[in-house]
Amino acid sequence: MNVDTNPFLRRGLASTTPSPLGLEVARAEGPWIVTTDGRRVFDAISGIGVSNFGHQHPAILASLRAQLDKHLHVMVYGECLQDAQTRAAEALLRTLPPSLDGVYFVNSGAEAVEAALKLAKRATGRSRLMGVQGGYHGNTHGALSVSSNEWRKARYRPLLPEVDALAWNDVEDLTRVDDTVAAVIVEPVQGDAGVRVPDPEWLRALRNVCTEHGALLILDEIQCGMGRTGRPWAMDHVGLVPDAVCMGKALGGGMPIGALAASREHLALLGHRPTLGHITTFGGHPLACAGACGALEVMATLDWEALERRHASWERALQHHPAVGAVRRQGAFFAVELDSAESVARAVHAGVGVGAENAVLLFWFLSVPHAFRLAPPLTLTDDEAHEGLRLILRTLDQLLD
Ligand code: PLP
């Protein structure tokens, strides 16, 4: 990578890719990101599943402003009761099955996964962990260990030992879950694998086999949760009750936060033998929790039926476009397949590269190069939704030139 030409490294910022989009952000509002050169870019991916309620939502800003006037960090997580944490926990737990009656707030999705994996070891006294083929759970060592995509893992080995992956959506393979397994972690809708929605029967069978063998079932709702699939949580489509849920991304309404929900009985295990068995300085930061309070308040106002009508009509329009091979979707979570990875790269660059006219931000999947993701905000007005779809279709038109 050329340090002089990469726009991040050139400014002394670490870089994650040799070819970043490089948009320079001035401000953002609703579905629009406005760049320093005055372009309006429709955010069709919600910052990768974060800005589910748009940018600068008034209810989220009000919650943040009220907290700013009270206090920021006062003490590491777990020593002082803070009103923002308590309110965020109450609002979050109201959306989850009653058996998940406790929450540990952390700083990111991957941290929630780390907490869940450690909790599984404590709750079962076992160390074997299972993921599912195609799963993505984050980039820390533990989260990477239970994720798929060997190409992304190989350079960082050795990772955690005793980790296996179950075949996706394959009931017969579930016989590999036995009494040595501490936990199985799965996304109820796989994001990075290209919005793969499993058969509900497979998820139920996975629940049953975990119960039978005393293994924890951990759901990763970090990307598919917070309304993205057309219900507050993807597990709501199936009526699935896991032993633990990992959350993050849109939970903070734009603030960085992650959360692990589980039973209070299980969560208590992290606090003794050893005491301070899982600790974090900034977990449950009051401003991040205030963001979560605002985001959960907005999520409670969504009209799921109206949203489904909108996203079904987007799906139809995309499916009819001659550049599109296939569309997979649940709720507002879309994977749009094109004929090649090159076409996806052309679409992403064409989306943001259109002169002074409105542009649109599309993006890749890490593991499905011939598809791009769409995850629009759930709070669009009809006019905004219409304009967003128009910009996406116009971008696809350019592939036909
Ligand atoms: N799990 C899933 C399903 C994700 O999509 C992501 C991030 O994309 C993570 C975990 C990791 O979250 P974070 O990037 O906040 O660590």
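Treat the numbers as computed from the prediction; the structure is a model and nothing was measured. (Residues numbered from 1 in each chain as written. Predicted model: local features only at pLDDT ≥ 70, side-chain atom pairs only at ≥ 80, totals over all residues. Heavy atoms only, no water.)

## Examining the pattern of salt bridges
Put simply, the test is: Throughout this description, the term salt bridge denotes a Lys or Arg side-chain nitrogen within 4 Å of a carboxyl oxygen of Asp or Glu. Secondary structure elements follow DSSP: runs of H or I of four or more residues count as helices, runs of E of two or more count as strands, with numbering from the N terminus. Classification of residues uses two cut-offs on accessible area relative to the type maximum, computed with a 1.4 Å probe and protein chains only: under 20% is buried, over 50% is exposed, and between them is partly exposed.
According to the stated counting rule, one finds 16 salt bridges in the structure shown. With a closest N to O distance of 3.8 Å, Asp-101 and Arg-264 form a salt bridge. One end of the pair, Asp-101, is in the loop between α3 (83-94) and β4 (102-106); the other, Arg-264, is in helix α8 (residues 264-268), with 163 residues separating them in the sequence. Assessed through its relative accessible area of 28%, Asp-101 is described here as partly exposed. By relative accessible area, which is 56% here, Arg-264 ends up exposed. Members of the salt-bridge network, linked through shared partners, are Lys-70, Asp-83 and Arg-87.

## Quick word on the site of the ligand
Keep this limit in mind: A single heavy atom is enough: if one lies within 4 Å of a molecule or strand, its residue is considered near that molecule or strand. Polar contact is defined as a pair of N or O atoms within 3.5 Å, subject to the rule that within protein one atom must be able to donate a hydrogen and the other to accept it, and that residues adjacent in sequence are counted only when both atoms are side-chain atoms. The method behind every accessible area is Shrake-Rupley, applied with a 1.4 Å probe, and residues are considered shielded solely by the protein chains displayed. Whether a set of points on the 1 Å grid over the protein atoms alone is a cavity depends on a 1.4 Å probe fitting there but being unable to get out, while an open set qualifies as a pocket with protein on both sides within 12 Å along at least five of seven lines; lining residues are those with an atom within 4 Å of a point. A cavity or pocket is said to hold a molecule if more than half of that molecule's atoms lie within 2 Å of its grid points. Under the grouping applied here, Gly and all other residues not named as nonpolar or charged are polar, the nonpolar ones being Ala, Val, Leu, Ile, Met, Phe, Trp, Tyr, Cys and Pro and the charged ones Asp, Glu, Lys and Arg.
Lining the immediate environment of the ligand, one finds Ser-108, Gly-109, Ala-110, Tyr-136, His-137, Gly-138, Glu-187, Asp-220, Ile-222, Gln-223 and Lys-249. Contacts to the ligand include Gly-109, whose backbone N or O atom sits 2.9 Å from an oxygen atom. In the model, an oxygen atom of the ligand is placed 2.8 Å from a nitrogen or oxygen of the Ala-110 main chain. Relative to its unbound accessible surface of 390 Å², the ligand loses 80% to contact with the protein. For the ligand, the cavity whose grid points lie within 2 Å of the majority of its atoms is the largest pocket. The residue inventory of the shell around the ligand, partitioned by class, reads three nonpolar, five polar and three charged.

## Description of the sheet that holds strand β9 (residues 244-247)
This is how it is decided: For two strands to count as paired, DSSP must find a minimum of two bridges between them. Interaxial angle, 0 to 180 degrees, is taken between N-to-C directions of lines fitted to C-alpha atoms, where a helix line uses only the stretch in contact.
Strand order in the open sheet formed by seven strands is β4-β10-β9-β8-β7-β5-β6, and the pairing between neighbours is mixed. This sheet does not close on itself; its edge strands, each paired only once, are β4 and β6 (163-166). Each strand axis lies, on average, 20° off the axis of its neighbour in the sheet, ignoring direction. Judged from the four bridges that link them, strand β5 (residues 128-132) and β6 form a sheet pairing that is parallel. Paired with Leu-129 across the two strands is Val-163, which belongs to β6.

## Overview of the domain arrangement of the protein chain
To be explicit about the condition: These domain boundaries are the output of an automatic or database domain assignment. The contact criterion used is simple: two residues touch if any of their non-hydrogen atoms lie within 4.5 Å. Each of two parts loses accessible area, computed with a 1.4 Å probe, when they are put together; buried area is these two losses added.
Split by domain assignment, the protein chain resolves into domain 1 (9-56 + 303-400) and domain 2 (70-299). With centres defined by C-alpha atoms, the gap from domain 1 to domain 2 works out at 27 Å. Facing 25 residues of domain 1, the contacting portion of domain 2 comprises 27 residues. For the pair domain 1 and domain 2, the summed buried surface comes to about 2300 Å²; carbon and sulfur atoms form 59% of the total.

## Brief notes about the packing of aromatic side chains
Selection criterion: Any Phe, Tyr or Trp ring, taking Trp's six-membered ring, that has another such ring centre within 6.5 Å forms a pair; planes under 30 degrees apart are called stacked, those over 60 apart edge-to-face, and the others tilted.
Inspection of the entire model under this criterion finds five aromatic pairs. For the pair Tyr-77 and Tyr-104, a centre-to-centre distance of 4.9 Å together with 20° between the ring planes defines the contact as stacked. Remark: Tyr-104 occurs in strand β4 and Tyr-77 occurs in the loop between α2 (58-68) and α3; sequence separation between them is 27 residues. For Tyr-77, a relative accessible area of 23% puts it in the partly exposed group.

## Points about the nonpolar core
What counts is decided by this rule: We define a nonpolar core as any set of buried Ala, Val, Leu, Ile, Met, Phe, Trp, Tyr and Cys residues linked to one another through side-chain atoms lying within 4.5 Å.
Judged by nonpolar contacts, the single largest core of 59 residues is most densely connected at Leu-92 and Leu-206. Looking at this core element by element, the count peaks at ten residues for helix α9 (residues 286-299). Per-domain counts for this core show at least three residues from each of domain 1 (9-56 + 303-400) and domain 2 (70-299). Setting aside residues up to four positions removed in sequence, Leu-92 forms contacts with Val-103, Phe-105, Trp-233, Met-247, Leu-251, Ala-259 and Leu-296.

## Quick notes on a nonpolar patch on the surface
Rules: Residues enter patches when their relative accessible area tops 30% and they take part in no salt bridge; the joining distance is 9 Å for like charges and 5 Å for the nonpolar side chains Val, Leu, Ile, Met, Phe, Trp and Tyr.
A cluster of nonpolar side chains, contributed by Val-74, Met-75 and Val-76, occupies part of the molecular surface with about 220 Å² of accessible area. Structurally, Val-74 can be placed in the loop between α2 and α3. The class for Val-74 is partly exposed, based on a relative accessible area of 47%.

## A closer look at the side chain of Ser-145
If you trace the backbone, Ser-145 turns up in helix α5 (residues 141-145). Look past the residues within four positions of Ser-145 in its chain and what remains in contact with it is Lys-153, Leu-159, Leu-160 and Val-163.

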